[in-house]
Amino acid sequence: MIKKLRKAVLPVAGLGTRFLPATKATAKEMLPVVDKPLIQYAVEEARAAGIEQFCMVTGRGKTALVEHFDVAYELEATLRERDKQDALASLSGAQSEPGSITTVRQQVPLGLGHAIWCARAFIGDDPFAILLPDDLVLADKPCLAQLADAYYQTGGNIVAVTEVPPEQTNRYGILKIGKDDGRLVEVIGLVEKPDPKDAPSNLSIIGRYILMPEVIKYLALMERGAGNEVQLTDAMARLIGEQPFHGLRYDGRRFDCGDKIGFLEAQIAFALKRPELSGAVREFLKKYI
Ligand code: G1P
């Protein structure tokens, strides 16, 4: 029987060094694309895929991420008093069901695999999603919901994948591919950040995963991989052959918001999707090109 997907882990302990000084006193996941912080895009995408319980893997200086989903009594009362209905309505996605968000601290930056292992008590015996808020996906059907459909179809591990330029394989987890129907691909191997000359393909993992809880026992080995970090990709690779493992070429466009250019491009792409902004954005863009 395929278990329902209800849980998501959000690794948000990173220092955000690529966005200093903006991230000196605030979490990089609080940086907004248009008017919504990255963390909220991730939470809304997860909710749209049926996720009910969230675990943020945080670190020092990240309290704003939890605050963001709390009830802001004074703010809401003031907005109500002033009859600011639009502003009030804009807060709805930033409030979570009571008790649905929990946090654990990573304490030491030993890598993504270590961050996920820190959430082991939350994960328990259940399948779970991982969303890396830096990766923002613009799609008609949210990326994690596409992944969840594939999970209910295959009953196993699924990662969202996209082709990258061959010279960029050293930035991502890369798939070795078995059967491929053009959308769903069988994963027969996984390598973290291989040099282009060693890469088994140019199909890369983006920050959306649905994994089975057995991955935790491999993460617990704490083996160091690329960059001397505990890599999630290496633990996932050990599940291949034991459980179904697929990559899904999702429909949509991914923006790497951990990178300045990707972040700027996301601002433009998301603004152009907003009816109230797109006209003005188109107009001013003409001035610059
Ligand atoms: C992480 C993963 C990598 C994946 C990438 C997607 O790398 O380790 O496998 O391809 O996220 O964004 P990071 O970006 O943390 O270096």
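Above: the structure in question.
Residues numbered from 1 in each chain as written. Predicted model: local features only at pLDDT ≥ 70, side-chain atom pairs only at ≥ 80, totals over all residues. Heavy atoms only, no water.

Draft legend 1. Highlighting the overall build of the chain. When helices and strands are counted, the chain shows 11 helices and 13 strands. In summary, the chain has a C-alpha radius of gyration of 19 Å against a globular reference of 19 Å for 289 residues, a match within 12%. Principal-axis analysis of the C-alpha atoms gives the chain an extent of 60 × 45 × 40 Å. Counting across all 289 residues of the chain, residues that qualify as buried make up 46%. When the accessible surface of the chain is summed, it comes to about 14600 Å², and 52% of that surface belongs to carbon and sulfur atoms. (Helix = DSSP H or I, 4+ residues; strand = E, 2+ residues; numbered from the N terminus. Rg over C-alpha atoms; globule rule 2.2 N^0.38 Å. Buried < 20%, exposed > 50% of the residue type's maximum accessible area, 1.4 Å probe, protein only. Areas by Shrake-Rupley, 256 points an atom, 1.4 Å probe, with all protein chains shown as cover.)

Draft legend 2. Just the nonpolar core, in detail. Residues Leu10, Ile51, Leu144 and Ile210 are the most contacted members of the largest nonpolar core, which totals 33 residues. Of all the secondary-structure elements, those providing two or more residues to this core are strand 1 (7-11), helix 1 (38-48), strand 4 (53-58), strand 6 (128-131), helix 7 (143-154), strand 8 (157-163) and strand 11 (203-211). When residues of this core are assigned to their parent elements, the largest contribution, 7 residues, is made by helix 7. Leaving out residues up to four positions away in the same chain, isoleucine 210 has contacts with Leu5, Phe128, Ala129, Leu144, Leu147, Ala148, Tyr151, Gly156, Asn157 and Ile158. One finds Ala115, Phe128, Ile205 and Leu219 within the second-largest nonpolar core, a separate group that totals 31 residues. (Core = buried A, V, L, I, M, F, W, Y, C linked by side-chain atoms within 4.5 Å. Contact = heavy atoms within 4.5 Å.)

Draft legend 3. Representation of the environment of isoleucine 51. For isoleucine 51, the position within the fold is in the loop between helix 1 and strand 4. The contact partners of isoleucine 51, leaving out residues within four places of it in the chain, are Leu5, Arg6, Lys7, Ala8, Ala46, Ala129 and Leu144.

Draft legend 4. The packing of helix 10 (residues 260-272) against helix 11 (residues 275-288), seen in detail. Packing of helix 10 against helix 11 leaves a shortest axis separation of 8 Å and a crossing angle of 130 degrees. Overall, the two elements helix 10 and helix 11 adopt an arrangement that is oblique. Here helix 10 contributes Ile268, Ala271 and Leu272 to the contact with helix 11, which in turn contributes Leu277, Ser278, Val281, Arg282 and Leu285. Residues of the contact of helix 10 with helix 11, tallied by class, amount to 6 nonpolar, 1 polar and 1 charged. (Axes fitted to C-alpha atoms, helices over the stretch in contact; angles between N-to-C directions. Parallel < 35°, antiparallel > 145°, perpendicular 65-115°, else oblique. Nonpolar A, V, L, I, M, F, W, Y, C, P; charged D, E, K, R; others polar.)

Draft legend 5. Expanded view of the environment of glutamate 265. In this structure, glutamate 265 sits in helix 10. Its relative accessible area of 40% is what places glutamate 265 among the partly exposed residues. In sequence terms glutamate 265 and phenylalanine 255 are 10 residues apart; their C-alpha atoms lie 7.3 Å from each other. If near-sequence neighbours (up to four positions away) are discounted, glutamate 265 is found in contact with Arg253 and Phe255.

Draft legend 6. Summary view of the packing of aromatic side chains. Inspection of the entire model under this criterion finds 5 aromatic pairs. Measuring from centroid to centroid gives 6.0 Å for phenylalanine 255 and phenylalanine 270, while their planes differ by 65 degrees, and the two rings are edge-to-face. Remark: phenylalanine 270 occurs in helix 10 and phenylalanine 255 occurs in strand 13 (residues 253-256); sequence separation between them is 15 residues. By the ring-pair criterion, three or more aromatic residues cluster together here, those being Tyr41, Phe255 and Phe270. (Phe/Tyr/Trp six-rings, centres within 6.5 Å; stacked < 30°, edge-to-face > 60°.)

Draft legend 7. Looking closely at the pairing of strand 8. Burial analysis of strand 8 places 5 of its 7 residues in the buried class, which makes it a mostly covered element. Alignment of strand 8 against strand 12 (residues 245-249), held across 5 bridges, turns out to be parallel. Its bridge partner being in strand 12, valine 159 is matched across the sheet by glycine 247. Bridge analysis of strand 8 against strand 11 gives 5 bridges, and the strand direction is antiparallel. Across the sheet, threonine 162 pairs through a bridge with serine 204, a residue of strand 11. (Pairing = 2+ DSSP bridges.)

Draft legend 8. Looking closely at the site of the ligand. Taken together, 14 residues surround the ligand, and among them Asp135, Gly173, Glu192, Lys193 and Ile205 come closest. Between the ligand and isoleucine 205, the relevant distance is 2.7 Å, taken from an oxygen atom to a main-chain nitrogen or oxygen of the residue. For the ligand, whose free accessible area comes to 380 Å², the fraction covered by protein is 76%. In terms of residues, the shell around the ligand owes the most to one element, strand 11, which gives 4 residues. (Near = heavy atom within 4 Å. Polar contact = N/O pair within 3.5 Å; in protein donor to acceptor, adjacent residues only side chain to side chain.)

Draft legend 9. Representation of the pattern of salt bridges in the model. The tally for this structure, following the rule as stated, stands at 21 salt bridges. Across the salt bridge formed by glutamate 52 and arginine 6, the nearest N and O atoms sit 3.3 Å from each other. Of this pair, glutamate 52 sits in the loop between helix 1 and strand 4 while arginine 6 sits in the segment before strand 1, and the two are 46 residues apart along the sequence. Of the charged contacts, one joins lysine 141 and aspartate 149 as a salt bridge, the two residues approaching to 2.6 Å between their closest N and O atoms. (Salt bridge = Lys/Arg side-chain N within 4 Å of Asp/Glu carboxyl O.)

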